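# Secondary and tertiary structure notes
As a plain string of letters, each chain reads:
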Amino acid sequence: MASEDSRPLLFPSHMAAKSCTSQVFDREQRQQREHPRSLTMSGHVGFESLPDQLVNRSIQQGFCFNVLCVGETGIGKSTLIDTLFNTNFEDQESSHFCSHVRLKAQTYELQESNVRLKLTIVNTVGFGDQINKEESYQPIVDYIDAQFEAYLQEELKIKRSLFNYHDSRVHACLYFISPTGHSLKTLDLLTMKSLDSKVNIIPVIAKADAISKTELQKFKIKLMSELVSNGVQIYQFPTDDETVAKINASMNGHLPFAVVGSMDEVKVGNKMVKARQYPWGVVQVENENHCDFVKLREMLICTNMEDLREQTHTRHYELYRRCKLEEMGFSDVGPENKPLSLQETYEAKRHEFCGERQRKEEEMKQMFVRRVKEKEAILKEAERELQAKFEHLKRVHQEERVKLEEKRRLLEEEIVSFSKKKATSEIYQNQTFLAMGGNLKKDKDRKNSNFM
């Protein structure tokens, strides 16, 4: 008792002071984390080798890169991919008579020097071949979302294996535009508008040797104007890294790239080059005066492949993840814009779910009781109808029985009357017969006496 009496009492003013002290301490801790002090070391430690460790670890683990090729059948998607990676992927030719769009993903293992690359090429089979192209882009959107969802589900697992997980998220979308020289098709605009928030779009003009250089330049300007006016966000090569800022800024001005693909080698001068042979001349694939193939390969593979992978994870996947978690009810802040932990959100959702479940249980119970009462009322009404019918039938049966008893009584009376009449008739007949017999005997005796 004495120890309990000796405890200090916390008045409201003391509690407020304690809360203020805690808030000040938390603020100081946060400022210290955001602005750490810089110190100078007196000797060598060794963490300067961290970049080398990261490079060795990455080389040992290997890299993955996923490319989505969107374009009409026969526009040269497979040929350009073969030319980009300088190999033959042996992709089968697609038919122009597909009833719907389907996506075909194929994964290959490539190695250059000691760097291994797991390359996945996703081709849109049947894109633009249908008469009704209204929903041609929807399978592409569904495929990209499915890869995001698969990665999200792997992240949310209790026992994760992201280290050796095969990342199938699309890192780059090469959108092939027909070299019409006029403008973008409606299908192209709708498709790119649907994909720009989900994937890094790099537009390319396929078969650029089909139009002249002057027409090609005008076509490029018109395409970029249409993309900007329709709010389509294509991938811009990053300029925040000083080492590649100049070349990337220059290449952003060359978009969309006008490309030509070919695995055929033609002798030009004293060397063999990849080119397309025409009766009027040769179009060299790797000649920057002929097409933008070298620019595309330099930007896509040599310079910005890692940025494409990073943009996919930090921008497009994070947008999908945020929207998905918000749909599930998770949030970073509470009703009063205060930071909210995942545990608090989980408990709130659990409480909400339990309340919702209890409410639905009550509704189901009330509905069950109501339906039982309705069914009981229906059964009672049916029972009353059956009872009324039974009473009616019973009454009819009773009346029929009374009628039958009456008929039976009358019949019995008739039988008795008939029996009496029959007995009387028999007695009368016997008397008549006896009387007639006596008369005949007297007549016979009279005749005999007369004869004598």
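Please refer to the structure higher up on the page.
Residues numbered from 1 in each chain as written. Predicted model: local features only at pLDDT ≥ 70, side-chain atom pairs only at ≥ 80, totals over all residues. Heavy atoms only, no water.

## Re the packing of helix α5 (residues 138–156) against helix α10 (residues 305–327)
Angle between the axes and distance between the axes are the two parameters that describe a pair of packed helices. α10 packs onto α5 with a crossing angle of 80 degrees between their chain directions and a minimal axis gap of 10 Å. With respect to α10, the axis of α5 lies roughly perpendicular. Contacts between α5 and α10 involve D145, F148, E149, Y151, L152 and E155 from the former and T312, H313, H316, Y317, Y320, R321 and K324 from the latter. Within the contact of α5 with α10, the residues separate by chemical class into 5 nonpolar, 3 polar and 5 charged. (Axes fitted to C-alpha atoms, helices over the stretch in contact; angles between N-to-C directions. Helix = DSSP H or I, 4+ residues; strand = E, 2+ residues; numbered from the N terminus. Parallel < 35°, antiparallel > 145°, perpendicular 65-115°, else oblique. Contact = heavy atoms within 4.5 Å. Nonpolar A, V, L, I, M, F, W, Y, C, P; charged D, E, K, R; others polar.)

## Focus on empty space enclosed by the protein
Enumeration over the complete set of coordinates arrives at 2 cavities of 30 Å³ or more. Space inside the second largest cavity adds up to approximately 30 Å³. Forming the boundary of the second largest cavity are G71, E72, I75, F127, F176, S178 and D188. Within the lining of the second largest cavity, the residues separate by chemical class into 3 nonpolar, 2 polar and 2 charged. (1 Å grid on protein atoms, 1.4 Å probe; cavity = no way out; pocket = protein on both sides within 12 Å on 5 of 7 lines; lining within 4 Å. Points joined across faces, edges and corners; volume = space filled by probe spheres on them.)

## Re the pairing of strand β9 (residues 281–284)
Where strand β8 (residues 271–278) and β9 come together, 4 bridges link them in antiparallel fashion. Looking at β9, one finds that A275 is bridged to Q284. Where β8 hands over to β9, the hairpin turn is made up of 2 residues, counted between the paired strands. (Pairing = 2+ DSSP bridges.)

## Comments concerning the pairing of strand β7 (residues 265–268)
In the sheet, β7 pairs with β8 via 4 bridges, with the strands oriented antiparallel. By the bridge assignment for β8, V268 is matched with K271. In textbook terms, the turn of a hairpin is the stretch between consecutive antiparallel strands, and for β7 and β8 this stretch comprises 2 residues, one of which, G269, has a positive phi near 70 degrees.

## A short note on the packing of aromatic side chains
Within the structure shown, the criterion is met by 8 aromatic pairs. A ring pair is formed by F148 and Y320, whose centres lie 5.5 Å apart and whose planes are at 35 degrees; its orientation type is tilted. With F148 in helix α5 and Y320 in helix α10, this residue pair connects regions lying 172 residues apart in the sequence. Ring pairs connect the aromatic residues F148, Y151, Y165, Y317 and Y320, which therefore count as one cluster. Above the face of the Y151 ring, R169 is positioned so that its terminal group lies 3.7 Å from the ring centre. The lysine or arginine in question, R169, covers the ring of Y317, its NZ or CZ lying 4.9 Å from the ring centre. (Phe/Tyr/Trp six-rings, centres within 6.5 Å; stacked < 30°, edge-to-face > 60°. Lys NZ or Arg CZ within 6 Å of the ring centre and 35° of its normal.)

## Overview of a negative patch on the surface
A surface patch of negative charge is lined by D240, D241, E242 and E310. For D241, the position within the fold is in the loop between α7 (213–229) and α8 (245–252). (Patch = residues over 30% accessible without salt bridge, like charges linked within 9 Å, V, L, I, M, F, W, Y side chains within 5 Å. Areas by Shrake-Rupley, 256 points an atom, 1.4 Å probe, with all protein chains shown as cover. Salt bridge = Lys/Arg side-chain N within 4 Å of Asp/Glu carboxyl O. Lys, Arg positive; Asp, Glu negative; His and termini not counted. Charge placed at Lys NZ, Arg CZ, Asp CG, Glu CD.)

## With respect to the sheet that holds strand β6 (residues 257–258)
In spatial order, the strands read β2-β3-β1-β4-β5-β6; together these 6 strands make up an open sheet with mixed pairing. In the strand order of this sheet, the two ends are held by β2 (102–112) and β6, each with one partner. Across 4 bridges, the pairing between strand β1 (residues 63–70) and strand β4 (residues 172–177) is parallel. Note on β4: the bridge partner recorded for C69 is L174. α10 rests against β1, β3 (115–125), β4 and β5 (201–205) of the sheet, and its axis sits at about 80 degrees to β1.

## Quick notes on the nonpolar core
In this structure, F65, I81, L84, L174, F257, L296 and L300 are the most contacted members of the largest nonpolar core, which totals 72 residues. Top element by residues in this core is α5. It accounts for 7 residues. With sequence-adjacent residues up to four places away left out, L296 is seen in contact with L80, L84, L174, I202, V204, F257, V259 and I301. (Core = buried A, V, L, I, M, F, W, Y, C linked by side-chain atoms within 4.5 Å. Buried < 20%, exposed > 50% of the residue type's maximum accessible area, 1.4 Å probe, protein only.)

## Considerations on the packing of helix α4 (residues 77–84) against helix α9 (residues 293–303)
For the pair α4 and α9, interaxial distance at closest approach is 11 Å and the crossing angle is 70 degrees. With respect to α9, the element α4 is oriented roughly perpendicular. For the pair α4 and α9, the crossing hand works out as right-handed. Where α4 abuts α9, its residues L80, T83 and L84 lie against F293, L296, R297, L300 and I301. Class assignment of the residues belonging to the contact of α4 with α9 gives a composition of 6 nonpolar, 1 polar and 1 charged. (Left-handed = near helix turned anticlockwise from the far one by under 90°.)

## Regarding the pattern of salt bridges
The tally for this structure, following the rule as stated, stands at 18 salt bridges. Ionic pairing is found between D145 and K198, a salt bridge with its closest N-O pair at 3.0 Å. On the criterion of sequence distance, the pair formed by D145 in helix α5 and K198 in the loop between α6 (186–195) and β5 is long-range, its members being 53 residues apart. Neither D145 nor K198 differs from the other in exposure class; each is buried. With its nearest N and O atoms 2.6 Å apart, the salt bridge here joins K220 to D292. One end of the pair, K220, is in helix α7; the other, D292, is in the loop between β9 and α9, and 72 residues separate them in sequence. Since its relative accessible area comes to 9%, K220 is described here as buried.

## Looking at the layout of surface pockets
One number sums up the size of the largest pocket: a volume of about 750 Å³. Looking at the largest pocket, it is lined by 22 residues, and the ones nearest its centre are Q61, G62, F63, C64 and R309. Of all the secondary-structure elements, those providing two or more residues to the lining of the largest pocket are α3 (50–61), β1, β3 and α10. Of all the elements, α10 adds the most residues to the lining of the largest pocket, at 4 residues. Within the lining of the largest pocket, the residues separate by chemical class into 7 nonpolar, 7 polar and 8 charged. Of the voids in this model, the second largest pocket is the one considered here, and its volume is about 620 Å³. Forming the walls of the second largest pocket are 21 residues, and the residues nearest its centre are E112, V115, L117, I301 and M305. Broken down by secondary-structure element, the contributors of at least two residues to the lining of the second largest pocket are β1, α4, β2, β3, α9 and α10. Residue classes in the lining of the second largest pocket are distributed as 12 nonpolar, 5 polar and 4 charged.

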